[in-house]
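Spelled out from the first residue to the last, the chains are:
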Amino acid sequence: MNQGKIIKGIAGFYYVHVDSLGVYECKAKGIFRKQDIKTLVGDNVIIEGLDEDNRIGNITEILPRTSELIRPAAANVDQALVIFAITNPEPNFNLLDRFLVMMDYQNLPTVILFNKEDLADDSEKERVKNIYRDCGCTLLFASAAREQGLSEVREILMGKTTILAGPSGVGKSSLTNYLLQKSTMETGDVSRIGRGRHTTRHSEIFCMEKDSYICDSPGFTSLMLPDIEAGELRYYYPEFARYEGKCRFNGCVHVNEPDCSVKSAVEEGIICRERYDSYLCLYDELKRKVRF
Ligand code: GDP
Ligand code: ZN
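Being a predicted model, the structure only gives us computed values, none of them experimental.

> What should I look at first to understand the packing of aromatic side chains in this one?
Within this structure, the stated rule accounts for nine aromatic pairs. A centroid spacing of 6.2 Å and a plane angle of 45° characterise the contact between Phe-114 and Tyr-132, whose relative ring orientation is tilted. With Phe-114 in strand β9 (residues 110-115) and Tyr-132 in the loop between α3 (122-131) and β10 (138-141), the pair connects residues that are 18 residues apart, well separated along the chain. You'll find Phe-114 and Tyr-132 in the same group, each marked buried. The interplanar angle of 45° and the centroid separation of 6.0 Å between the aromatic rings of Tyr-279 and Tyr-283 together place this pair among those described as tilted.

> Explanation requested: the pattern of salt bridges in the structure shown.
Side chains that differ in charge, positive against negative, can pair when their charged atoms come close. In this structure the tally under the stated criterion is 17 salt bridges. Measuring nitrogen to oxygen at the nearest pair gives 3.1 Å for the salt bridge that ties Arg-65 to Glu-68. For Glu-68, a relative accessible area of 54% translates into the label exposed. The salt bridge partner of Asp-134 is Arg-133, with a shortest N-O separation of 3.3 Å. Overlapping salt bridges bring together Asp-19, Lys-210 and Asp-211 as one network.

> Quick question: what am I supposed to make of the coordination of the zinc ion (ligand 2) here?
Ideal geometry at a metal gives 109.5 degrees between four tetrahedral donors and either 90 or 180 degrees between six octahedral ones. Within the first shell, the zinc ion (ligand 2) binds the protein through Cys-247 (SG), Cys-252 (SG), His-254 (ND1) and Cys-260 (SG), at distances of 2.1 to 2.4 Å. For the zinc ion (ligand 2), the four donor atoms in the first shell make angles of 104 to 115° at the metal, a pattern classed as tetrahedral. In primary-sequence terms, the residues that donate to the zinc ion (ligand 2) follow C-x4-C-x1-H-x5-C. We note that His-254, like Cys-260, is buried.

> Looking at this structure, I do not really get helix α4 (residues 150-157). What am I missing?
Restricting attention to buried positions, one finds in α4 the residues Leu-150, Val-153, Arg-154 and Leu-157. One side of α4 holds all its buried residues, which, seen down the axis, span an arc of 95°. Opposite the packed face of α4, turned more than 90 degrees from it, sit the exposed residues Ser-151 and Glu-155. Directly beyond the C-terminal end of α4, a positive phi value near 75° is found at Gly-159.

> Would you explain unusual backbone geometry in this entry?
Trans peptide bonds make up most of the peptide bonds, and negative phi angles are found at most residues other than glycine. Residue Pro-89 is bonded to the preceding Asn-88 through a cis peptide linkage, with omega at 5°. Structurally, Pro-89 is set in the loop between β8 (79-85) and α2 (93-105).

> Would you mind going over the sheet that holds strand β3 (residues 22-27) with me for this structure?
Sheet strands associate in pairs through backbone hydrogen bonding, adopting either a parallel or an antiparallel arrangement. With mixed pairing, five strands are arranged side by side around a closed barrel as β1-β2-β3-β5-β4. On average, each strand axis in the sheet is tilted by 55° relative to the strand beside it, whichever way the strands run. Both strand β2 (residues 13-18) and β3 contribute to a ladder of five bridges, which runs antiparallel. Note that in β3 the partner of His-17 across the bridge is Val-23.

> I keep staring at the environment of Ala-120 and nothing clicks. Help me out?
Looking at the secondary structure, you find Ala-120 in the loop between β9 and α3. You can call Ala-120 buried: its relative accessible area is 17%. If sequence neighbours within four positions are ignored, Ala-120 has contacts with Ile-86 and Thr-87.

> I'm lost on the site of ligand 1 in this one. Help?
Around ligand 1 sit 16 residues in total, of which Asp-118, Gly-169, Lys-172, Ser-173 and Ser-174 are the nearest. A distance of 2.8 Å is found between a nitrogen atom of ligand 1 and a side-chain nitrogen or oxygen belonging to Asp-118. Lys-172 is positioned with one of its backbone polar atoms (N or O) 2.8 Å from an oxygen atom of ligand 1. When residues in the shell around ligand 1 are grouped by element, the largest group, three residues, is from helix α5 (residues 172-187). Across the shell around ligand 1, the residue classes break down as five nonpolar, seven polar and four charged.

> Quick question: what am I supposed to make of the nonpolar core here?
Across soluble globular proteins, nonpolar side chains show a tendency to be buried alongside one another. Judged by nonpolar contacts, the single largest core of 35 residues is most densely connected at Leu-96, Leu-100, Ile-112, Phe-114, Tyr-132 and Ile-163. At the level of elements, β8, α2, β9, α3, β11 (161-165), β12 (204-209) and β13 (212-216) are the ones that each hand at least two residues to this core. When residues of this core are assigned to their parent elements, the largest contribution, seven residues, is made by α2. Ignoring anything within four residues of it in the chain, the contact list for Tyr-132 reads Phe-93, Leu-96, Asp-97, Leu-100, Ile-112, Phe-114, Leu-139 and Arg-275. Judged by nonpolar contacts, the second largest core, of 23 residues, contains Ala-230, Tyr-243, Cys-247 and Leu-282.

Criteria and cut-off values
- Residues numbered from 1 in each chain as written.
- Chains lettered and ligands numbered in written order.
- Predicted model: local features only at pLDDT ≥ 70, side-chain atom pairs only at ≥ 80, totals over all residues.
- Heavy atoms only, no water.
- Phe/Tyr/Trp six-rings, centres within 6.5 Å; stacked < 30°, edge-to-face > 60°.
- Helix = DSSP H or I, 4+ residues; strand = E, 2+ residues; numbered from the N terminus.
- Buried < 20%, exposed > 50% of the residue type's maximum accessible area, 1.4 Å probe, protein only.
- Salt bridge = Lys/Arg side-chain N within 4 Å of Asp/Glu carboxyl O.
- Donors = N, O, S within 2.8 Å, 3.2 Å for Na, K, Ca; no water.
- Tetrahedral: all angles 85-135°; square planar, octahedral: opposite > 155°, others 65-115°.
- Arc of directions from axis to C-beta.
- Pairing = 2+ DSSP bridges.
- Axes fitted to C-alpha atoms, helices over the stretch in contact; angles between N-to-C directions.
- Contact = heavy atoms within 4.5 Å.
- Near = heavy atom within 4 Å.
- Polar contact = N/O pair within 3.5 Å; in protein donor to acceptor, adjacent residues only side chain to side chain.
- Nonpolar A, V, L, I, M, F, W, Y, C, P; charged D, E, K, R; others polar.
- Core = buried A, V, L, I, M, F, W, Y, C linked by side-chain atoms within 4.5 Å.

Structure below.
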C-alpha cells in the first residue's frame, strides 16, 4: 500500500505519482463500489502495487479532498498562478480580469506573474504594478528566458498544488521547463510521461519537488465568466469593497447611478481606471448573457 497523487487520467488509466518511487499506471477497480466518487487529477489516493517492476497498480481509495475545482477539473488545488507577459504579447487585461473573477468565484487564491521582465522598461512595469496593486493577488515579475526572479516563483509554489494558466506565447512552457528541470533529473523523467505539445488536452500535474505540484491546464484562453448575476460582479473587485454601501443608492452597481462613490474614486485615481473599465466590460457581458 502506498499513497500517491493522480497526475493524469487517460482512457480508464490513472497515473499516480508516489513520492520517491515514481509513477504507477493504475486502474481504479472496485473503488466505485466503495466510494461513490469520480476520480480527479490531483486526487490523493491509496494504491496497491500489482507489479512493482513495471509500476502497475490499482487505486483502492480516494482520500478526502481539500478542494474541488470545476474549471479545470482538479482536486486539492491550493492556488492559481496566472502568467502574462509584460509585453510581447501585450497583456490582455480583460482576459486577466476574467481569469481573476473565475478563480475568486472558486475561492482560489491567485498569484499574477508578469513574465518577460527583461523586455519591459520601468514605466511599463510600473504601469501593470499600478493597475493590479489592489486586486487582492500577489504580484510577481520574472524573466523565464533570463532566469530572473524565478526563486521567488519557486518559493510561492513550495508545498502547494498550483494550477498554471495564461494565454499562449507568454512563457508558460519556458517557466514550466525551468521549474521541472530538477524533478526530471531526480526522477529520471518518470514524472513527465507523455509531456509534449499534443498531449495537453487533459489537465496534467507535474511534481516539482516533494509535496509541490504544478498543474498544466489547457484551454484557459477562451475563458468564460462564472455563472453569476451582473449585479454580483462588483464583489469580485476587491478595490470596490471599501466603497460598498457608500453610494447614494442602495445596491449601487457602480455603473449608471448618480453619486457613486466608486466612480468618484476612479475619477480621483484611487481606483485604477483600467480595472474599472474592465469591470464595466464584464458587467455588460453578464447583463447581456442569456441565463437558463
Ligand atoms: P507559452 O506559449 O506560454 O508556453 O510560451 P513559451 O515558453 O513557448 O515562450 C514563447 C516565446 O517567448 C519563446 O520564444 C520564448 O523563448 C520567449 N520567452 C519566454 N520567456 C521569456 C522571457 O522571460 N523573456 C523573453 N525575452 N522571452 C521569453
Ligand atoms: Zn456606486
